[in-house]
Amino acid sequence: MKQMLRLGIILAAYAVASCLLLAVVNNFTAPVIKARQEEKVNGGLKIVYSDADSFETVTDYEVDPSSTISIDRLVLAKKNGEVVGAVAQVTGPTYDKATILMGIDKNRTITGIQFIEHSDTKGFGLNASDPSYKISTGQTFYEQFAGKNANDGFVAGTNFEAVTGATITSRGVGKILEYGSYVAGEYLAKNYGGAGGNGAPKVEKAASVFTFENAINDIFDEASYGKITTEEVSDGIGETLNEKLTVQRKVIIKNAEGAVIAAATEIEGPSFGGKGKVVTAVSMDRKILGTRITSLNDTPNLGQEAIKEAFYSQFTGKSADQNLNKGDYDTLSGASTTADCIADIIKVGAYVSGNMVEANGGEKAPENASSYILNKRM
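Engineer: Describe the overall build of the chain, with residues and values.
Structural biologist: A tally of regular secondary structure across the chain gives six helices and 11 strands. Looking at the chain as a whole, 44% of its 378 residues qualify as buried. Pairs at least 24 apart in sequence give 56% of the contacts found in the chain among residues at least 6 apart. On the chain, roughly 18700 Å² of surface is accessible, and the fraction owed to carbon and sulfur atoms is 52%.

Written out as structure tokens, the structure is:
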């Protein structure tokens, strides 16, 4: 008993000493790390807004407290004492996360961007901040944004070139730039006669699963589609497709005039840690309008990352008749099996929804549409 007590006291003493040592080390290193980041940011101001000769930090800008993207700092860019633009330091989710310094003038034109911190996957998402990685124009990924107007938006693959094999990272950078340019642009418009914008950008949702009804309402938001109604389809409910994928629910989507505009299907299938359910909506021209995960039992911090908008949103706009095999989507770091399983569930959901679309006057499926190939990882 005395020996156990003695060992306990020794272990407690070691624990206290370790905590004190860590506190001492942190007290020494934290200011150094902060100073180095400050130095990098201050040096970056002139890089992203080379036309300015001085900078002034402001704090009275407006932000959305629910946004997953944060404005760490807003700085006015001045030339000869006059405000000519602003620089925003913005942090947000990419595949992991990134902090970007971005300059914008009073016309809402980007003057340059620089990555301050970036923690995505090496060889893929991390190429966005790699000065040796070049896009088709011969520029680095981040150099291409200079000269783009924020009012045109930042949509990967549409008005800027995505990093090869890193759609999620590219989309995340676009969202960071959209939000940063909105906050900075609104500040310049309100206080210094800057150009008006197109309204607040859509904020990425917090990671969570949806109910079926919420999934439909989120995909077919009223601002984009107006009032919609849904018509349940009972045919085929409970049917098992491709051995392990089961039809849970099917609906036809109608607009306010009663015209069919889309179809949506909820499919249940295996994931790495258990099972998942996904709602997939398809338009009358056989495009995926959106996917939402309604259930997922998978590994925390790995497969469970699939419930994040950054993952499931990448399927929007793809053809309902696309196989969705590897290379057609970004996988999940450390959870490629889960990503492949979710892609299979979406593919089957798109196939079923596509059949409903065709049955209701939509575009017909191409020949051999039923002979699609799944990943079949489980």
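Engineer: For helix H6 (residues 336–359), give the residues involved together with the corresponding values.
Structural biologist: The terminal C-alpha atoms of H6 lie 35 Å apart, and with 24 residues this matches the ideal 34 Å at 1.5 Å per residue to within 8%. Taken across its 24 residues, H6 has 19 buried, putting it largely inside the fold.

Engineer: Before we move on, could you go through the pattern of salt bridges and cite the residues and values that matter?
Structural biologist: A side chain of one charge can pair with a side chain of the opposite charge if their charged atoms are brought near each other. In the structure shown here, the tally under the stated rule is 12 salt bridges. With a closest N to O distance of 3.0 Å, Lys79 and Asp51 form a salt bridge. Residue Lys79 is found in strand E2 (residues 70–79), and its partner Asp51 is found in the loop between helix H1 (2–48) and strand E1 (54–58); the two are separated by 28 residues along the sequence. Judged by relative accessible area, Lys79 falls into the partly exposed class, the value being 33%. By relative accessible area, which is 45% here, Asp51 ends up partly exposed. Via salt bridges that share partners, Glu213, Glu232 and Arg249 belong to a single interconnected network.

Engineer: Can you lay out the layout of surface pockets for me, pointing to particular residues and giving the numbers?
Structural biologist: Taken as a whole, the largest pocket spans an internal volume of roughly 770 Å³. Listing elements by their share of the lining of the largest pocket, those giving two or more residues are helix H2 (167–192), helix H4 (222–225), strand E11 (288–296) and helix H5 (309–312). The leading source of residues in the lining of the largest pocket is H2, at seven residues. Taken together, the residues that form the lining of the largest pocket break down as 12 nonpolar, nine polar and nine charged. Empty space within the second largest pocket amounts to approximately 400 Å³. Lining of the second largest pocket is provided by 22 residues; of these, Gly165, Ala166, Tyr329, Asp330 and Thr331 occupy positions nearest its centre. In terms of residues, the lining of the second largest pocket owes the most to one element, H2, which gives three residues. For the lining of the second largest pocket, the class distribution of residues is five nonpolar, 11 polar and six charged.

Engineer: Outline the nonpolar core, supporting the account with residue identities and numerical values.
Structural biologist: Membership of the largest hydrophobic core comes to 36 residues, with the highest contact counts inside it found for Leu74, Ile100, Ile113, Phe141, Phe145 and Leu177. Looking at this core, the elements with two or more residues in it are E2, strand E3 (82–93), strand E4 (97–105), strand E5 (110–118) and H2. In terms of residues, this core owes the most to one element, H2, which gives eight residues. Contacts of Phe141, omitting those with residues within four sequence positions, involve Asn127, Ala128, Tyr133, Ile135, Phe160, Glu161, Ala162, Val163, Ser170 and Val173. The next biggest cluster of nonpolar side chains, apart from the first, holds 34 residues, and it includes Tyr329, Ala335, Ile346 and Val352.

The rules behind the values
- Residues numbered from 1 in each chain as written.
- Predicted model: local features only at pLDDT ≥ 70, side-chain atom pairs only at ≥ 80, totals over all residues.
- Heavy atoms only, no water.
- Helix = DSSP H or I, 4+ residues; strand = E, 2+ residues; numbered from the N terminus.
- Buried < 20%, exposed > 50% of the residue type's maximum accessible area, 1.4 Å probe, protein only.
- Contact = heavy atoms within 4.5 Å.
- Areas by Shrake-Rupley, 256 points an atom, 1.4 Å probe, with all protein chains shown as cover.
- Expected span 1.5 Å × (residues − 1).
- Salt bridge = Lys/Arg side-chain N within 4 Å of Asp/Glu carboxyl O.
- 1 Å grid on protein atoms, 1.4 Å probe; cavity = no way out; pocket = protein on both sides within 12 Å on 5 of 7 lines; lining within 4 Å.
- Points joined across faces, edges and corners; volume = space filled by probe spheres on them.
- Nonpolar A, V, L, I, M, F, W, Y, C, P; charged D, E, K, R; others polar.
- Core = buried A, V, L, I, M, F, W, Y, C linked by side-chain atoms within 4.5 Å.

It is worth stressing that arrangement in space is one thing and function is another; only the former is reported here.
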